[in-house]
Amino acid sequence: MLIAIPDLLDAATLAHVRGLIDAAAWVDGNVTSGHQSALAKNNLQLPEDAQRAKQAGEIILNALGKNPLFIAAALPLKIFPPLFNSYAGGQAFGVHVDNAVRIQAGTGFRVRSDLSMTVFLEEPEAYDGGELTVETQFGVQQVKLPAGHGVLYPSSSLHRVEPVTRGRRVASFFWLQSMIREDGERQILFDLDSSIQQLAAALGHGHAEVIRLTGVYHNLLRRWADA
Ligand code: NI
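### Comments concerning the domain arrangement of the protein chain
Splitting the protein chain by domain gives domain 1 (3–178) and domain 2 (183–224). Relative placement of domain 1 and domain 2: their C-alpha centres are 30 Å apart. Counting residues at the interface gives 10 residues for domain 1 and 7 residues for domain 2. Of the roughly 630 Å² buried at the junction of domain 1 and domain 2 (both faces included), carbon and sulfur atoms supply 67%. Viewed at the interface, domain 2 and domain 1 are joined by 1 residue pair in polar contact (both at pLDDT 80 or more). Among the elements that make up the side of domain 1 that touches domain 2, the one with the highest residue count is helix α4 (residues 68–74) (4 residues). Here the residues of the side of domain 1 that touches domain 2 are counted per class, giving 8 nonpolar, 1 polar and 1 charged.

Structure follows, in structure tokens:
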């Protein structure tokens, strides 16, 4: 599944993140690539250990932790510290699959990449191209969202970033390990959770069937989750 997370960062938070990263020293993006993706990648990134990148990453992690849609859709267990990239002047990232396991340099912190996330940090009108193109089981989807919005997609999918032919595309990107490894099981839980929220709004949280369905949700989660 491919899920947009609107309004992950409000205007003030977005400005704070941009203030931190715009003043940082950008380097060739191939510092984080695996061998296969290095062949396809042409962009700039902030080094993982750059202090400003770490601060901006913390802000994004904090926003994720407060976002009910993100939590319901991703059911996150471990999140790789957010990274930052920039594309301009025709830069692009050709078709690739993200590495299955990410290890944080220096700490040994390991994340199995079940889901990849991009948080757009520039308004779409400010640049041409730069769409995130994801090959899903329902066909090719192109994503280019307002600044502060994010998108979650399966790390197993083939994806690419289209060439940026005007302006500059700035984004945060990272991977996460979900409590639910299987995409299909995660989708069932997300659909069930969404329906329970709708029913609770219509019938009241104390309605007997809302309580029973909430129990079903948690019993499925208990059956399937790594925690
Ligand atoms: Ni990728």
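After presenting the structure, the write-up continues.
### Things to note about the packing of helix α5 (residues 183–203) against helix α6 (residues 208–224)
The geometry of α5 relative to α6 is characterised by a closest axis approach of 10 Å and an angle of 160 degrees between their N-to-C directions. Taken together, the axes of α5 and α6 lie roughly antiparallel to each other. For the pair α5 and α6, the sense of crossing is left-handed. Along its contact with α5, which presents Glu 185, Ile 188, Leu 189, Leu 192, Asp 193, Ile 196, Leu 199, Ala 200 and Leu 203, the element α6 presents Val 210, Leu 213, Thr 214, Val 216, Tyr 217, Leu 220, Leu 221 and Trp 224. For the contact of α5 with α6, the residue count by class is 14 nonpolar, 1 polar and 2 charged.

Thresholds, definitions, all that
The residue numbering used here restarts from 1 in each chain and proceeds along that chain's sequence as written. Per-residue local features of the predicted model are confined to residues with pLDDT of at least 70, and side-chain atom pairs are confined, for both listing and counting, to 80 or more; whole-chain, interface and lining totals are unaffected and use all residues. Just so you know, side-chain values use all the structure's heavy atoms and leave hydrogens and water out. How far each domain reaches was decided by an automatic or database domain assignment. Only heavy atoms enter the contact rule, under which two residues are in contact if any of them lie within 4.5 Å. Accessible area, probed at 1.4 Å, shrinks when two parts are joined; the buried area is that loss added up over both. Under the rule applied, a polar contact is a pair of N or O atoms within 3.5 Å (in protein, one hydrogen donor and one hydrogen acceptor; residues adjacent in sequence only if both atoms are side-chain atoms). Segments assigned H or I by DSSP are reported as helices when at least four residues long, segments assigned E as strands when at least two residues long, and all are numbered from the N terminus. Any residue that is not Ala, Val, Leu, Ile, Met, Phe, Trp, Tyr, Cys, Pro, Asp, Glu, Lys or Arg is counted as polar, Gly included; the first ten are nonpolar and the last four charged. As a rule, the C-alpha atoms of each element are fitted with a line to give its axis, helices using only the stretch in contact, and angles between N-to-C directions run from 0 to 180 degrees. Any angle that is under 35 degrees is reported as roughly parallel, and any over 145 degrees as roughly antiparallel; angles of 65 to 115 degrees are reported as roughly perpendicular and all others as oblique. In this scheme the crossing of two helices becomes right-handed for a clockwise turn of the near helix relative to the far one and left-handed for an anticlockwise turn of less than a right angle.

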